Amino acid sequence: MSTEPYDAALHAHGDTHGHGSRLGYRIGSLLAIVLTVVPFWLVMSQDGPAPGWTAAVIFALALVQIVVHVVCFLHLDTRSEGGWTLLAFLFTAVIVIITIGGSIWVMFHLNTNMMPMPGGHMGPVR
């Protein structure tokens, strides 16, 4: 056993971010449930808008749900870790968007320019 006095600063873990409250978790859970049920209802009910609008609404609600999860459950904001965790998250999001967007762009152009059409003429496959 050490005879040195206990120094709390030496044993601190550097937790400078908030861990959230019960109210924050309840609000986040409620928003996540609503943001899941609404797209499910849009797909399951055949009475919704045109398929293009349905897909756009689902995509928009998915983006909102990502923000809800990041703020309510991951607690990423400008205050935690001096803003570095938010900056790292944004950098990762940009890289993922570039990767997915580039992949879709390449696949679209490969489909347009390299897929032979039945009958011998070239053109986009629909």
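Just so you know, these numbers come straight off a predicted model, no measurement behind them. (Residues numbered from 1 in each chain as written. Predicted model: local features only at pLDDT ≥ 70, side-chain atom pairs only at ≥ 80, totals over all residues. Heavy atoms only, no water.)

Participant: Sorry if this is basic, but what is going on with the overall build of the protein chain here?
Facilitator: Looking only at helices and strands, the protein chain has 3 helices and 0 strands in total. Helices and strands in the protein chain line up, N terminus first, as α-α-α. Within the protein chain, the fraction of its 126 residues that count as buried is 14%. Relative to all contacts within the protein chain whose residues are 6 or more apart in sequence, the contacts with residues 24 or more apart total 45%. Put simply, the protein chain shows about 10,400 Å² of open surface, and 74% of that area lies on carbon and sulfur atoms. (Helix = DSSP H or I, 4+ residues; strand = E, 2+ residues; numbered from the N terminus. Buried < 20%, exposed > 50% of the residue type's maximum accessible area, 1.4 Å probe, protein only. Contact = heavy atoms within 4.5 Å. Areas by Shrake-Rupley, 256 points an atom, 1.4 Å probe, with all protein chains shown as cover.)

Participant: Can you walk me through unusual backbone geometry in this structure?
Facilitator: What you tend to see is this: most non-glycine residues have negative phi, and most peptide bonds are trans. Even without a glycine there, the phi angle at His75 is positive, about 55°. Along the polypeptide, His75 turns up in the loop between helix H2 (51–73) and helix H3 (84–114).

Participant: Got a minute to help me understand H2 in this structure?
Facilitator: One turn of an α-helix holds 3.6 residues; hence residues three or four places apart share an orientation. With 23 residues, H2 should cover 33 Å at 1.5 Å per step; its first-to-last C-alpha distance of 32 Å lies within 8% of that length. By the burial criterion, the buried members of H2 are Thr54, Leu61, Gln65, Val68, Val70 and Cys72. Phi turns positive one or two residues past the end of H2, at His75, with a value near 55°. (Expected span 1.5 Å × (residues − 1).)

Participant: Please clarify how the environment of Ser21 should be interpreted in this entry.
Facilitator: Within the secondary structure, Ser21 sits in the segment before helix H1 (22–44). Counting along the chain gives 51 residues from Ser21 to Cys72, while the straight-line C-alpha distance between them is 9.4 Å. Within the structure, the side chain of Ser21 is placed 3.2 Å from the backbone nitrogen of Gly24, a separation counted as a polar contact. (Polar contact = N/O pair within 3.5 Å; in protein donor to acceptor, adjacent residues only side chain to side chain.)

Participant: Got a minute to help me understand the side chain of Thr54 in this structure?
Facilitator: For Thr54, the position within the fold is in helix H2. Overall, the relative accessible area of 11% leaves Thr54 in the buried class.

Participant: Which parts of the structure should I look at to understand a nonpolar patch on the surface?
Facilitator: A cluster of nonpolar residues, Phe59, Leu63, Ile66, Phe89 and Leu90, forms a patch on the protein surface that exposes about 480 Å² of accessible area. The set of elements that each furnish at least two residues to the nonpolar patch consists of H2 and H3. The greatest single-element share of the nonpolar patch, amounting to 3 residues, is contributed by H2. If you trace the backbone, Phe89 turns up in helix H3. (Patch = residues over 30% accessible without salt bridge, like charges linked within 9 Å, V, L, I, M, F, W, Y side chains within 5 Å. Salt bridge = Lys/Arg side-chain N within 4 Å of Asp/Glu carboxyl O.)

Participant: Any chance you could explain the packing of aromatic side chains here in plain terms?
Facilitator: For any pair of aromatic rings, the description rests on two quantities: the centre-to-centre distance and the angle between the ring planes. Enumeration according to the criterion identifies 1 aromatic pair in this entry. Between the aromatic rings of Tyr25 and Phe73, the centroid separation amounts to 6.1 Å while the plane-to-plane angle is 15°, which identifies the pairing as stacked. Taken together, the residues span a long stretch of sequence, with Tyr25 in helix H1 and Phe73 in helix H2 at a distance of 48 residues. Classification of Phe73 as partly exposed rests on a relative accessible area of 28%. (Phe/Tyr/Trp six-rings, centres within 6.5 Å; stacked < 30°, edge-to-face > 60°.)

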